[in-house]
Every structure is written in structure tokens, then in C-alpha cells.
Amino acid sequence: MSDEIVTRLINITGKDNVRINEPMKNHTTFKIGGPAQYYVTPESVTQIQEVVSLCRDMNIPLHVIGNGSNILVGDDGVDGVVLALFNTFSDYEIKDNVITAQAGMSLIKLAVIALREGLTGLEFASGIPGSVGGAVYMNAGAYDGQMKDVVTSVTVLDEAGNIRILGRDELDMGYRTSAVAKHNMIVLQVIIELKAGNKEQIKDRMNQLSELRKQKQPLEYPSAGSTFKRPEGYFAGKLIADAGLKGYSIGGAAVSEKHAGFVVNMGGATAKDVVELTDYIKKRIMEQFGVTLELEVKRIGL
Ligand SMILES: Cc1cc2nc3c(=O)[nH]c(=O)nc-3n(C[C@H](O)[C@H](O)[C@H](O)COP(=O)(O)OP(=O)(O)OC[C@H]3O[C@@H](n4cnc5c(N)ncnc54)[C@H](O)[C@@H]3O)c2cc1C
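It should be emphasised that the depicted structure is a prediction, and the values quoted were computed from it without experimental measurement. Along each chain, the written sequence defines residue order, and numbers are assigned to residues from 1. At least 70 in pLDDT is required for a residue's local features to be given in this predicted model, at least 80 for side-chain atom pairs to be given and counted, and no such filter applies to totals for whole chains, interfaces and linings, which use all residues.

Student: Is there a simple way to explain the overall build of the protein in this structure?
Tutor: Helical segments are the DSSP runs of H or I of at least four residues, strand segments are the runs of E of at least two, and each set is numbered from the N terminus. Per the secondary structure count, the protein includes 10 helices and 18 strands. For the radius of gyration, the atom set is restricted to C-alpha positions; the globular benchmark scales as 2.2 Å times the number of residues to the power 0.38. What you see for the protein is a C-alpha radius of gyration of 19 Å, in line with the 19 Å of a compact globule of 302 residues. Based on the C-alpha atoms only, the size of the protein along its principal axes is roughly 55 × 50 × 30 Å. Field definition: a residue is buried when 20 or more other C-beta atoms are found within 10 Å of its C-beta, exposed when 12 or fewer are, and partly exposed for counts in between, with C-beta atoms placed from the backbone. The burial tally for the protein puts 43% of its 302 residues in the buried class. Working definition of a contact: two residues with C-beta atoms, positioned from the backbone, lying within 7 Å. Relative to all contacts within the protein whose residues are 6 or more apart in sequence, the contacts with residues 24 or more apart total 64%.

Student: How do you make sense of the environment of Ile108 when you look at a structure like this?
Tutor: By the secondary structure assignment, Ile108 is in helix 3 (residues 107-116). Distance in space between the C-alpha atoms of Ile108 and Gly130 is 7.5 Å, their sequence separation being 22 residues. Residues contacting Ile108, with those up to four places away along its chain left out, are Ser126, Ile128 and Pro129.

Student: For this particular structure, what's the right way to read the environment of Ile186?
Tutor: Turning to its location among the elements, Ile186 is positioned in strand 13 (residues 186-193). Each residue touching Ile186, except ones within four places of it in the same chain, is listed here: Ile48, Val64, Val156 and Leu157.

Student: Even after reading the chapter, I still don't get helix 1 (residues 2-13), so can you show me in this structure?
Tutor: Because the α-helix completes a turn every 3.6 residues, residues three or four places apart line up on one side. The first and last C-alpha atoms of helix 1 sit 16 Å apart over 12 residues, in line with the 16 Å expected at 1.5 Å per residue. Contacts made by the buried residues of helix 1 are with strand 1 (18-23), strand 2 (35-40) and helix 2 (45-58). Expected helix span is taken as 1.5 Å per residue step, with the number of steps being one fewer than the number of residues.

Student: What am I meant to see in the domain arrangement of the protein here?
Tutor: By a widely used convention, the size of an interface equals the accessible area lost when the partners come together. What the domain assignment lists for the protein is domain 1 (2-84), domain 2 (92-215) and domain 3 (218-300). Note that the domain bounds reflect an automated or database-derived domain assignment. Centre-to-centre separation of domain 2 and domain 3, based on C-alpha positions: 26 Å.

Student: Would you take a moment to explain the site of the ligand for this structure?
Tutor: Taken together, 31 residues lie around the ligand, and Gly66, Gly130, Gly133, Gly134 and Gly225 are the ones closest in. At the level of elements, strand 3 (62-65), helix 4 (132-138), strand 9 (141-142) and strand 13 are the ones that each hand at least two residues to the shell around the ligand. Its residues placed into classes, the shell around the ligand shows 17 nonpolar, 13 polar and 1 charged. Any residue whose C-beta atom, as set from the backbone, lies within 6 Å of a molecule or strand is reported as near that molecule or strand. Gly is put with the polar residues, along with every residue not named as nonpolar or charged; the nonpolar set is Ala, Val, Leu, Ile, Met, Phe, Trp, Tyr, Cys and Pro, and the charged set is Asp, Glu, Lys and Arg.

Student: Please explain the sheet that holds strand 16 (residues 253-255) as it appears in this structure.
Tutor: In sheet architecture, strand pairing relies on hydrogen bonds along the backbone and comes in two forms, parallel and antiparallel. One open sheet accounts for 3 strands, arranged 15-16-17; its pairing is antiparallel. If you trace the sheet from one side to the other, it starts and ends with strand 15 (249-250) and strand 17 (263-265), each paired once. Here, strands pair whenever DSSP counts at least two bridges between them.

Student: When you look at unusual backbone geometry in this model, what are you seeing that I'm missing?
Tutor: Across residues other than glycine, the phi torsion is negative in most instances, and most of the peptide bonds are trans. Residue Lys31 is not a glycine yet carries a positive backbone phi of 60 degrees. By secondary structure assignment, the location of Lys31 is in the loop between strand 1 and strand 2. Even without being a glycine, Asn184 presents a positive backbone phi close to 55 degrees. One can find Asn184 in the loop between helix 7 (179-182) and strand 13. Look at Asn184 and you get exposed, because 10 C-beta atoms sit within 10 Å.

Student: What am I meant to see in the pairing of strand 13 here?
Tutor: Taken across its 8 residues, strand 13 has 6 buried, putting it largely inside the fold. Pairing between strand 7 (residues 98-102) and strand 13: 5 bridges, direction antiparallel. In the sheet register, Val98 faces strand 13, and the bridge partner there is Glu193. Pairing analysis gives 6 bridges linking strand 11 (residues 151-157) to strand 13, with the strands arranged antiparallel. Residue pairing across strands places Leu157 opposite Ile186, the latter belonging to strand 13.

Student: Explanation requested: the environment of Glu159 in the structure shown.
Tutor: Positionally, Glu159 belongs in the loop between strand 11 and strand 12 (163-167). With 12 C-beta atoms counted inside 10 Å, the residue Glu159 sits in the exposed group. Sequence separation between Glu159 and Met185 is 26 residues, and the spatial gap between their C-alpha atoms is 5.8 Å.

Below you can see the structure in the form of C-alpha cells.
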């Protein structure tokens, strides 16, 4: 059975794009995660469609990832196919002030391209280490900007296997969520509309945001960014700091001393360490402040 799956995956994407038992710690910014049974890096929409229909026909679990910057993967790894779009599915095109990008395109690279072209609107994204697809799925945002502000339409593969184009209204982008996430769709291509701007001003804003990140965020340790969503009326980081949990650790996972909203991998952290730590934080914040913390980080294989 597994030999047949490998053969069929290789027939679809080519030998170089299929890996077996691939350690996911090499593909997540947390540097955590056991092996993916089949790690597949498609290069085209057709290949994505064929892998998805193979998984459906053979009842194989399927997990789509971008740059793995917002996921926690279990220590025992992931059954089925991990369809990783970050490197091989990342072409883009610019026409006037409109950028069309495949889902695996790096958001940081896109922000740099926008700067080069003198286009404003993506400065907020210049420090978000995700793919464009993952950023649409999460409606990633920072410093008063979010994907919702710049995305005009998205081509998706829906749950029924149809390719559809969703306009701004249909994308239903909210705080760290979207129609893509709610309806289990796969982002294939994203259209982003920016405005003509002043290169110096765009660069200054990007530098300013980068400085802020360096000052405030524990970029020196592996993490998946903010661990929890912002609970209404509060800031997760402040609640966690106020509970005295800065620096609190379980195994190799710790609440960052620099920014309590980040759980960081201090070295050799396991997914089990992170789960125990985040469960403990949630319990403490509920007991102390009566506030429910919800994970922003998505779990795979857990
Ligand atoms: C240091 C650091 C700083 C960060 N700062 C920010 C920030 O300021 N603001 C912010 O919003 N986030 C931030 N993040 C989190 C993260 O970068 C974003 O959520 C990003 O959008 C995730 O993109 P990704 O490609 O890495 O997605 P992944 O982590 O690979 O996946 C995240 C989710 O999206 C899904 N997904 C990914 N690609 C697709 C696709 N093509 N189609 C359908 N589903 C898909 C996955 O299944 C998963 O559920 C930060 C992370 C780090 C490590």
C-alpha cells in the first residue's frame, strides 16, 4: 500500500518532490516535529489537484503547509501527506500595482519586491515569515495592517475539488481567520493590490517595524510567533507576564523573557513540552483572570 502511494506520488510530482519520513522539525520555525510519512512539494496547480484527489481516493490524510511558521507538529510525526508549498510553488507576477503570487511565495520576499517597485501597502508584512497562502488562511497582520486590506481575490481548491475564485467579500477575513480556514480550502493563488508610494517612505516604515520586532520579539529563539490569539479586551502577553510566567519552562519550551506572548524553543523542545506548557498557561490565566486563551498556533499530528 505505502509503496503504491509513493509510486503514485512520484508519478504526479517527480522523484525529487517526494520524501518519505521527512523530519518536520526541518520545516517549522519552531524546529519541532517528528517525521511526515510523505512530504510532497508540488510545482503546479495540476500537481496539487492530483495529489489532493489521490489522497481523497485512497483515504490518505492530507495536511497543507506554507512555511511552517504558525504550526506545532507532534513528536510522533504526521500520518499521510504533508503538501508543502513554500519553495516549489512560489512564482509571482507584477502588473502596475497588482501582484499575483502563487500560494508558496514568501510574504517577506513579496514585501521587499513591493518596496523595489515603489508600491505601498505591504510594509506591515515585511517581518511575517509565512507564505502568502498561509497568510491568507490566517489573515496575518501586524502593526495596524492585515492581509484583508490588500488581498482582492484568491484562487482556491475547495473541499469538493473545484477550483474557485473568491472575491474580497467571500474571503470573510477576520482576526486570524478566513473562509479558507473555515471551509478547509487550499489557497492556490493570491491577487494583491497595492498603491503607488514613495520608496524612501516605504523603506523607512519597513526599517522602523523591523527595529520594533527586534526590540520586542524573541527572534533569537525558534518559535511560531504569538502563541495565543488576543482575547477580546486583553493582550495575551500581558496576562501571561502579569501571572508571573515570564521565563517559566517545561523541558525545552519556555515563555519568552522578552515577550510573554511567545513560547520559544530554548533547545531540544518537544511538541509534548509545548503542549504541557501552553495547557499550563491556559489554566493559570483562567484561574487568575477568568480569561480563556485560545491557541493561534495550529497543531498538526497532535
Ligand atoms: C518570528 C515570528 C513572527 C511572526 N509574526 C507574525 C505577525 O506579526 N502577524 C501574524 O499574523 N503572524 C505572525 N507569525 C505567524 C505566521 O508567520 C503567520 O501566521 C503566517 O501567515 C503563517 O504562514 P505559513 O505559510 O508559515 O503557514 P503555516 O504555518 O505553514 O500554516 C499555518 C496554517 O495555514 C494553513 N495553510 C498554509 N498554507 C496554506 C494554503 N496554501 N492553503 C490553505 N491552508 C494553508 C496550514 O494548514 C495551517 O493551518 C509570526 C511567526 C513567527 C515565527
